[in-house]
Amino acid sequence: MSGSQSSLRRYLGAIKDTTTVSLAKVNSDYKELDIAIVKATNHVERPSKERYIRAIFMAISATRPRADVAYCIHALARRLSKTHNWAVALKTLIVIHRALREVDQTFHEEVINYSRSRTHMLNMSHFKDDSSPNAWVYSTWVRFYALFLEERLECFRVLKYDVEIDPPRTKELDTPDLLEQLPALQELLFRVLDCQPEGAAVQNHIIQLALSMVVTESTKIYQALTDGIDNLVDKFFEMQRNDALKALDMYRRAVKQAERLSEFYEVCKSVYVGRGDRFVKIEQPPTSFLQAMEEYVKEAPLAAGAKKEQAMEKLTAPKEILAIEYEKPPKVVEEKPNHLNLRLK
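The shown structure was predicted, so the numbers you read here are calculated from the model rather than taken from an experiment. (Residues numbered from 1 in each chain as written. Predicted model: local features only at pLDDT ≥ 70, side-chain atom pairs only at ≥ 80, totals over all residues. Heavy atoms only, no water.)

J.: Any chance you could explain the overall build of the protein here in plain terms?
T.: In terms of regular secondary structure, the protein is built from 12 helices and three strands. The buried share of the protein, reckoned over its 345 residues, is 50%. Restricting to contacts in the protein with at least 6 residues of sequence separation, those with at least 24 account for 78%. (Helix = DSSP H or I, 4+ residues; strand = E, 2+ residues; numbered from the N terminus. Buried < 20%, exposed > 50% of the residue type's maximum accessible area, 1.4 Å probe, protein only. Contact = heavy atoms within 4.5 Å.)

Listed below in structure tokens is the structure:
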């Protein structure tokens, strides 16, 4: 895009924002909220001003009437569905993401209920901004980010808690709950990995802002998965064949995801995303244990106890594939041996 075309596009975007604000002042019953939404998600290709985001959060807090919250969600959904501008779409998604992290969890439920009764507000599969080559690249990242947020809500629905906010509960789950919850967490981690930026998106400051939140959450997701996989392995050699097959598939996914997450952190580290955040030390699950699980599945549920003892004898040390140090002072944590051996440093 030439300089004159870029300037014209910014000018037209500013006019759209100004017009929308003017209409809100005249026609809206939620004038202040509508203005805050437009200004927090405007066409300016810079991060939103905090005061407008805070105004939105006040409107969706648990103390506000549910009608106000519903109106705000509808206004954000309308903003997403009508825009063809990557900056507007991305800044709107960031507002929603931050609200999921910073506002009480009734907001999760309101968004889920809204999506059930209407077209899913986070469905950005057809979104594109083809106004320039860079805008096209940014659009791709926006779609992946929307999928991550969509999966985040689905994970909340399955787990009944927010893995980013609440302590993980996968360590104590029984087998049926593990088999239900671990796939949801693994799908969420796949969406994290899809958020790895490419091309021009790597250096975009608004994308880096959103990515930093994704990176922070990825460590919590991976910790919950690690606790769950350890728990699953402990129960594996007493499982019936059907459950063992499901568990084996989850373990194989965990092996692949460990390597991909390591690569994801390397990219984030290279563009200084997540500096000062807590990364995790990732180690490759032992293939010898995977072999023992595969042998057990062939004969399950016969001689479960004996198979468990044999598998534990074959277990070898995990292969370390990446260690990213904290930049904050380390916390002292009592460690228990586990099969994925995730450790905070």
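Moving on from the coordinates now.
J.: I'm lost on the side chain of glutamine 257 in this one. Help?
T.: Tracing the backbone shows glutamine 257 in helix α10 (residues 241-270). When neighbours within four sequence positions are excluded, glutamine 257 is seen to be in contact with Gln186, Leu189, Phe190 and Leu225.

J.: Is there a simple way to think about the state of the cysteines in this case?
T.: Here, the word disulfide means a covalent bond between the sulfur atoms of two cysteines. Enumeration according to the criterion identifies zero disulfides in this entry. Among the cysteines around cysteine 268, which has no disulfide bond, cysteine 195 carries the closest sulfur, lying 9.5 Å off. In this structure cysteine 268 comes out as buried when scored by relative accessible area, which is 1%. (Disulfide = S-S within 2.5 Å.)

J.: How should I be thinking about the environment of lysine 171 in this particular structure?
T.: Here lysine 171 lies in the loop between α7 (133-159) and α8 (175-194). With a relative accessible area of 38%, lysine 171 lands in the partly exposed category. Spatially, the C-alpha atom of lysine 171 lies 8.6 Å from that of threonine 226, the residues being 55 residues apart in sequence.

J.: What is the right way to read the packing of aromatic side chains from this model?
T.: Aromatic ring pairs: the centre-centre distance and the angle between the two ring planes describe each pair. This model, assessed by the stated rule, comprises nine aromatic pairs. On the numbers, 5.9 Å between centres and 85° between planes, the contact of phenylalanine 237 with phenylalanine 289 is edge-to-face. In this pair, phenylalanine 237 sits in the loop between α9 (205-236) and α10 while phenylalanine 289 sits in helix α11 (residues 287-299), placing the two residues 52 residues apart along the sequence. Taken together through their ring pairs, the aromatic side chains of Phe236, Phe237, Tyr251, Phe289 and Tyr296 make up a single cluster. (Phe/Tyr/Trp six-rings, centres within 6.5 Å; stacked < 30°, edge-to-face > 60°.)

J.: Help me understand a positive patch on the surface in this model?
T.: Together, Lys39, Arg46, Lys49 and Arg51 give the surface a local cluster of positive charge. Tracing the backbone shows lysine 39 in helix α2 (residues 31-40). Using a relative accessible area of 33% as the deciding quantity, one classes lysine 39 as partly exposed. (Patch = residues over 30% accessible without salt bridge, like charges linked within 9 Å, V, L, I, M, F, W, Y side chains within 5 Å. Areas by Shrake-Rupley, 256 points an atom, 1.4 Å probe, with all protein chains shown as cover. Salt bridge = Lys/Arg side-chain N within 4 Å of Asp/Glu carboxyl O. Lys, Arg positive; Asp, Glu negative; His and termini not counted. Charge placed at Lys NZ, Arg CZ, Asp CG, Glu CD.)

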